[in-house]
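Single-letter residue listing:
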Amino acid sequence: MYSVSAQVNDVGLVKVPLLPAPTFALDVPAILTTLTSDPTIKLIYLCSPGNPTGALLAKSDIARILAHPTWNGVVIVDEAYIDFSPSPSDSLAEWVLEHPNLVVTQTLSKAFGLAGIRLGAAFTSPPIARLLNALKAPYNISVPTSALASAAVSPAGLEVMRKNVAALAAQRERLLEELPKIKGIGRLRGGTASNFLLYEILNTEGKPDNVTALAVYERLAELKGVVVRFRGKEHGCEGCLRITVGTEEEVTRFLAALEEAIGEVHKGFAA
């Protein structure tokens with residue numbers, strides 16, 4: 001979506017790929033070289049935990065980018081999934097007090113389950129905050145949205161969110177334990193800091209394969225009423241499905257459906 005938004009607004013894009021799976025870490029030397037060689041770059045977008053990687057970016061890597069000696073731009077860290085990470089200290093929100101060119105964005109769409117109200121927040125320095133306030137439309141947050149958001153971040157609302165996150169974390173651990181037992185499931189290719197996991201789907205020869213992964217994805221969606229995300233065309237994600245963590249009942253249903261779908265696809269390809 002960073003690319004889509006940039007293209008809609010006629011903004012040029014410079015992409016520096018992450019390092020290979022399973023770390024999906026920042027290629028800091030390549031990023032620093034790019035910034036040094038192209039002073040026209042004004043914004044850097046980083047996603048932590050990443051989507052579809054589910055991996056946290058190392059704070060030390062982001063610190064090196066913020067410490068670039070000559071580049072004068074803004075670093076945006078998208079923390080949409082940060083509430084699912086192992087520790088509250090994984091967030092960089094407090095860093096905005098030390099780095100005036102840092103913006104950390106979060107949302108109520110994920111862990112709070114309030115995607116419908118379309119509300120997020122940006123933590124940043126006063127100069128950037130003033131600029132953002134000057135750019136936004138007046139009355140851009142409706143009264144119902146404001147009321148729902150206030151309830152969500154109240155002590156009672158936060159307790160509900162944390163309880164739900166804990167339940168999802170337990171099911172995430174269950175998936176990590178059960179998925180490798182299914183024939184046709186390959187390696188975990190990302191991290192475990194989000195509410196989804198990135199796994200390889202293997203072909204009949206035991207290799208990660210986009211054709212097989214796409215066939216399993218389609219069979220799950222069309223015949224079993226289970227929707228995952230095919231991400232085989234993303235950088236470093238060959239043969240991968242992104243699997244969202246659900247409730248205990250949903251995970252039970254998913255595991256059974258996935259095992260059936262992989263078996264049926266393998267059987268069809270072997271016939």
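In this report, the structure presented in the accompanying data block is examined. All figures in this text were calculated on a predicted structure; none of them were measured in a lab.

### Quick notes on the environment of Pro-49
For step 1, the next point in the chain: Examined against the element boundaries, Pro-49 turns out to sit in the loop between strand 1 (43-47) and helix 3 (59-66).
For step 2, the next point in the chain: Pro-49 sits in the buried class, given a relative accessible area of 0%.
For step 3, the next point in the chain: Other than its neighbours up to four places away in sequence, Pro-49 contacts Gly-54, Ala-55, Leu-56, Tyr-81, Ile-82, Ala-193 and Ser-194.

### What about helix 5 (residues 143-152)?
For step 1, the next point in the chain: Considered for burial, the residues of helix 5 that qualify are Thr-145, Ala-149 and Ala-152. The buried residues of helix 5 occupy an angular sector of 55° when projected down its axis, which confines them to one face. Exposed side of helix 5, more than 90 degrees from the buried face: Val-143 and Pro-144 are the residues found there.
For step 2, the next point in the chain: Buried residues along helix 5 sit in contact with helix 6 (155-178).

### Re the pattern of salt bridges
For step 1, the next point in the chain: For the structure on display, the rule yields 6 salt bridges.
For step 2, the next point in the chain: Note that Lys-181 is salt-bridged to Glu-178, the shortest N-O span being 3.5 Å.
For step 3, the next point in the chain: Taking the relative accessible area as the measure of exposure, Lys-181 reaches 56% and is therefore exposed.
For step 4, the next point in the chain: You can call Glu-178 partly exposed: its relative accessible area is 27%.
For step 5, the next point in the chain: Lys-224 is the partner of Glu-264 in a salt bridge, and the nearest nitrogen-oxygen pair spans 3.4 Å. With Glu-264 in helix 8 (residues 248-270) and Lys-224 in the loop between helix 7 (210-223) and strand 7 (229-230), the pair connects residues that are 40 residues apart, well separated along the chain.
For step 6, the next point in the chain: The class of Glu-264 is partly exposed, set by a relative accessible area of 33%.

### Remarks on the layout of surface pockets
Rolled over the atoms, a probe sized like a water molecule indicates the empty space that remains.
For step 1, the next point in the chain: Counted as a void, the second largest pocket has a volume near 670 Å³.
For step 2, the next point in the chain: Around the second largest pocket, the lining comprises 25 residues; the ones closest to its centre are Ile-82, Asp-83, Ser-91, Gln-106 and Met-161.
For step 3, the next point in the chain: Among the elements of the structure, strand 3 (102-107), strand 4 (120-123) and helix 6 are those that each provide at least two residues to the lining of the second largest pocket.
For step 4, the next point in the chain: Ranked by residue count, the leading element in the lining of the second largest pocket is helix 6, at 4 residues.
For step 5, the next point in the chain: In the lining of the second largest pocket, the residues fall into 14 nonpolar, 7 polar and 4 charged.

### A few points about unusual backbone geometry
For step 1, the next point in the chain: For the bond running from Ser-48 to Pro-49, omega is -5°, close enough to zero to count as cis.
For step 2, the next point in the chain: Backbone geometry places Asp-10, a non-glycine residue, at a positive phi of 60°.
For step 3, the next point in the chain: Mapped onto the secondary structure, Asp-10 falls in the loop between helix 1 (2-8) and helix 2 (28-37).

### Let's talk about empty space enclosed by the protein
For step 1, the next point in the chain: Scanning the entire structure with this criterion turns up 1 cavity of 30 Å³ or more.
For step 2, the next point in the chain: In this model, the largest cavity occupies a volume close to 40 Å³.
For step 3, the next point in the chain: Lining of the largest cavity is provided by Phe-84, Val-165, Leu-168, Ala-169, Arg-172, Ser-194, Asn-195 and Val-245.
For step 4, the next point in the chain: Of the residues in the lining of the largest cavity, the class split is 5 nonpolar, 2 polar and 1 charged.

How each quantity is defined
- Residues numbered from 1 in each chain as written.
- Predicted model: local features only at pLDDT ≥ 70, side-chain atom pairs only at ≥ 80, totals over all residues.
- Heavy atoms only, no water.
- Helix = DSSP H or I, 4+ residues; strand = E, 2+ residues; numbered from the N terminus.
- Buried < 20%, exposed > 50% of the residue type's maximum accessible area, 1.4 Å probe, protein only.
- Contact = heavy atoms within 4.5 Å.
- Arc of directions from axis to C-beta.
- Salt bridge = Lys/Arg side-chain N within 4 Å of Asp/Glu carboxyl O.
- 1 Å grid on protein atoms, 1.4 Å probe; cavity = no way out; pocket = protein on both sides within 12 Å on 5 of 7 lines; lining within 4 Å.
- Points joined across faces, edges and corners; volume = space filled by probe spheres on them.
- Nonpolar A, V, L, I, M, F, W, Y, C, P; charged D, E, K, R; others polar.

In short, the description is geometric, and any link to function would need to be established separately.
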